[in-house]
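An overview of the molecular structure
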Number of protein chains: 2
Amino acid sequence: MERSEVVKLLQNHDITPTRQRIEIAAFLFQREQHLSAEKILAEVNLSSHRVSRATVYNTMGLFTSKGLVREVLIDRDRVFYDSNNTQHHHIYNVDTGELSDIENDRVSVAGLPELSDNVQIVGTEVIIKVSNL
Amino acid sequence: MERSEVVKLLQNHDITPTRQRIEIAAFLFQREQHLSAEKILAEVNLSSHRVSRATVYNTMGLFTSKGLVREVLIDRDRVFYDSNNTQHHHIYNVDTGELSDIENDRVSVAGLPELSDNVQIVGTEVIIKVSNL
DNA sequence: TTGGGTGCAAACTATTTGCATTCGA
DNA sequence: TCGAATGCAAATAGTTTGCACCCAA
């Protein structure tokens, strides 16, 4: 994704495209991946200009609330951000910590109970935990 | 659940029944609930003898590894321990933080991809996130 | 008795926050 | 210009750890 596309992506999501946000987004959307804030901080600062820790945290919080990325809460120790913003689920290897995607259209969840009148579903997450034999 | 049953439960799970572990287990299995370590620490110490913070954390880690309770990673800030040890799933209200169970036999997950030969499924977790209207 | 269990406090680490500075529009 | 964004460092909070003491078997 080139820079102008990244800028457009941010604007479409109602996010002011600052230098730091563009750099972080460009890195995230190189490919679909699962990254921690610290990893993002380290990788982004390898190339390009410097981005501070606080800005990475602020930015990832913003991206999440704007629907650009999804938080994946699987690891006790840190939040992972998923740059695959299509609907999908996860397979988590508890031995290796490896996290991979399952395309959504392969999986169906049936039999959910009726919800209370005053709530709506905002997301359905399926996590398959696997371990090595 | 009375004390002798708790002791039996621990022994069945290959856990040495110490005073602290018995107290923590007795509290957890009063009823099915979702509790943080700090909550467990506070509640257990309301009644009965004193249990230290480190022991609560150690004990919950042990109970988890022995399959007595399940960790629920939904809240960014803390781990919840689920004392419902039947297979089931969760509904999480992102507005209130309320976490409730869905009986497993109501829900079916279909269409999972083939796994690599060298892994096995150790758990399937479905989380329905809801928000207030 | 004796190795595992416990308690305390200090250490650790991901994340958040206060505030002064800088930047985008 | 000027409010929003950033950077830095300090603060926060859940969890882990080191180590001396204690207890279950």
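Up top is the structure these notes are about.
What you see is a predicted model, and the numbers here were worked out from it, not measured in a lab. (Residues numbered from 1 in each chain as written. Chains lettered and ligands numbered in written order. Predicted model: local features only at pLDDT ≥ 70, side-chain atom pairs only at ≥ 80, totals over all residues. Heavy atoms only, no water.)

Residues and elements named next belong to chain A. Strand order in this open sheet of 3 strands is 1-3-2, and the pairing throughout is antiparallel. Strands at the two margins of the open sheet, each flanked by one partner only, are strand 1 (34-36) and strand 2 (70-72). The sheet shows a mean angle of 40° between the axes of neighbouring strands, direction not considered. With 3 bridges connecting them, strand 2 and strand 3 (residues 80-82) associate as antiparallel partners. Paired with Arg70 across the strands is Asp82, a residue of strand 3. (Pairing = 2+ DSSP bridges. Helix = DSSP H or I, 4+ residues; strand = E, 2+ residues; numbered from the N terminus. Axes fitted to C-alpha atoms, helices over the stretch in contact; angles between N-to-C directions.)

So, about the side chain of Ser131 of chain A. Inspection of the secondary structure assignment puts Ser131 of chain A in strand 7 (residues 119-132). A relative accessible area of 8% places Ser131 of chain A in the buried class. Those residues in contact with Ser131 of chain A, other than ones at most four positions away along the chain, are Asn93, Val94 and Asp95 of chain A together with Asn118, Val119, Gln120 and Val122 of chain B. (Buried < 20%, exposed > 50% of the residue type's maximum accessible area, 1.4 Å probe, protein only. Contact = heavy atoms within 4.5 Å.)

Turning our eyes to something else, we now look at the interface of chain B and chain A. How big an interface is tends to be reported as the loss of accessible area on association of its parts. Facing the 38 residues of chain B at the interface are 38 residues of chain A. Between chain B and chain A lies a buried interface of about 3,200 Å² when both sides are counted; carbon and sulfur atoms form 57% of it. Taken together, chain B and chain A are joined by 2 salt bridges. Arg76 of chain B is the partner of Glu71 of chain A in a salt bridge, and the nearest nitrogen-oxygen pair spans 2.3 Å. (Buried area = accessible area lost by both parts, 1.4 Å probe. Salt bridge = Lys/Arg side-chain N within 4 Å of Asp/Glu carboxyl O.)

Moving on, we come to the packing of helix 3 (residues 37-46) of chain A against helix 4 (residues 53-65) of chain A. Residue and element names in this part refer to chain A. Relative to each other, helix 3 and helix 4 sit at 125°, their axes nearing to 10 Å. Here helix 3 is positioned oblique relative to helix 4, judged by the angle of their axes. Crossing of helix 3 over helix 4 shows right-handed handedness. Here Ala37, Glu38, Ile40 and Leu41 of helix 3 lie close against helix 4, whose contacting residues are Arg53, Val56, Tyr57 and Met60. For the contact of helix 3 with helix 4, the class distribution of residues is 6 nonpolar, no polar and 2 charged. (Parallel < 35°, antiparallel > 145°, perpendicular 65-115°, else oblique. Left-handed = near helix turned anticlockwise from the far one by under 90°. Nonpolar A, V, L, I, M, F, W, Y, C, P; charged D, E, K, R; others polar.)

Around DNA strand C sit 19 residues, and of these Tyr57 and Asp77 of chain A together with Thr18, Gln20 and Thr55 of chain B come closest. At the protein interface, 87% of the atoms of DNA strand C within 4 Å belong to sugar or phosphate. Between DNA strand C and Arg50 of chain B there is a distance of 3.2 Å, counted from a phosphate oxygen to a backbone nitrogen or oxygen. Separating a phosphate oxygen of DNA strand C from a side-chain N or O atom of Arg76 of chain B is a distance of 3.3 Å. Those elements that place two or more of their residues in the surface near DNA strand C are helix 3 and helix 4 of chain A together with helix 2 (19-28) and helix 4 (53-65) of chain B. Ranked by residue count, the leading element in the surface near DNA strand C is helix 4 of chain A, at 3 residues. Grouping the constituent residues of the surface near DNA strand C by class yields 7 nonpolar, 5 polar and 7 charged. (Near = heavy atom within 4 Å. Polar contact = N/O pair within 3.5 Å; in protein donor to acceptor, adjacent residues only side chain to side chain.)

Quick look at the side chain of Gln33 of chain A now. All names here are of chain A. Within the secondary structure, Gln33 is located in the loop between helix 2 (19-28) and strand 1. A relative accessible area of 6% places Gln33 in the buried class. Leaving out residues up to four positions away in the same chain, Gln33 has contacts with Phe27, Leu28, Tyr81, Asp82 and Ser83.

This brings us to the protein's contact with DNA strand D. Neighbouring DNA strand D are 20 residues; Thr18, Gln20, Ser52 and Thr55 of chain A together with Tyr57 of chain B lie closest to it. If you look at DNA strand D and keep only atoms within 4 Å of the protein, 87% of those are sugar or phosphate atoms. When contributions to the surface near DNA strand D are tallied by element, the ones reaching two or more residues are helix 2 and helix 4 of chain A together with helix 3 (37-46) and helix 4 of chain B. Per-element accounting of the surface near DNA strand D gives the leading share, 3 residues, to helix 4 of chain B. Looking at side-chain class alone, the surface near DNA strand D contains 7 nonpolar, 6 polar and 7 charged residues.

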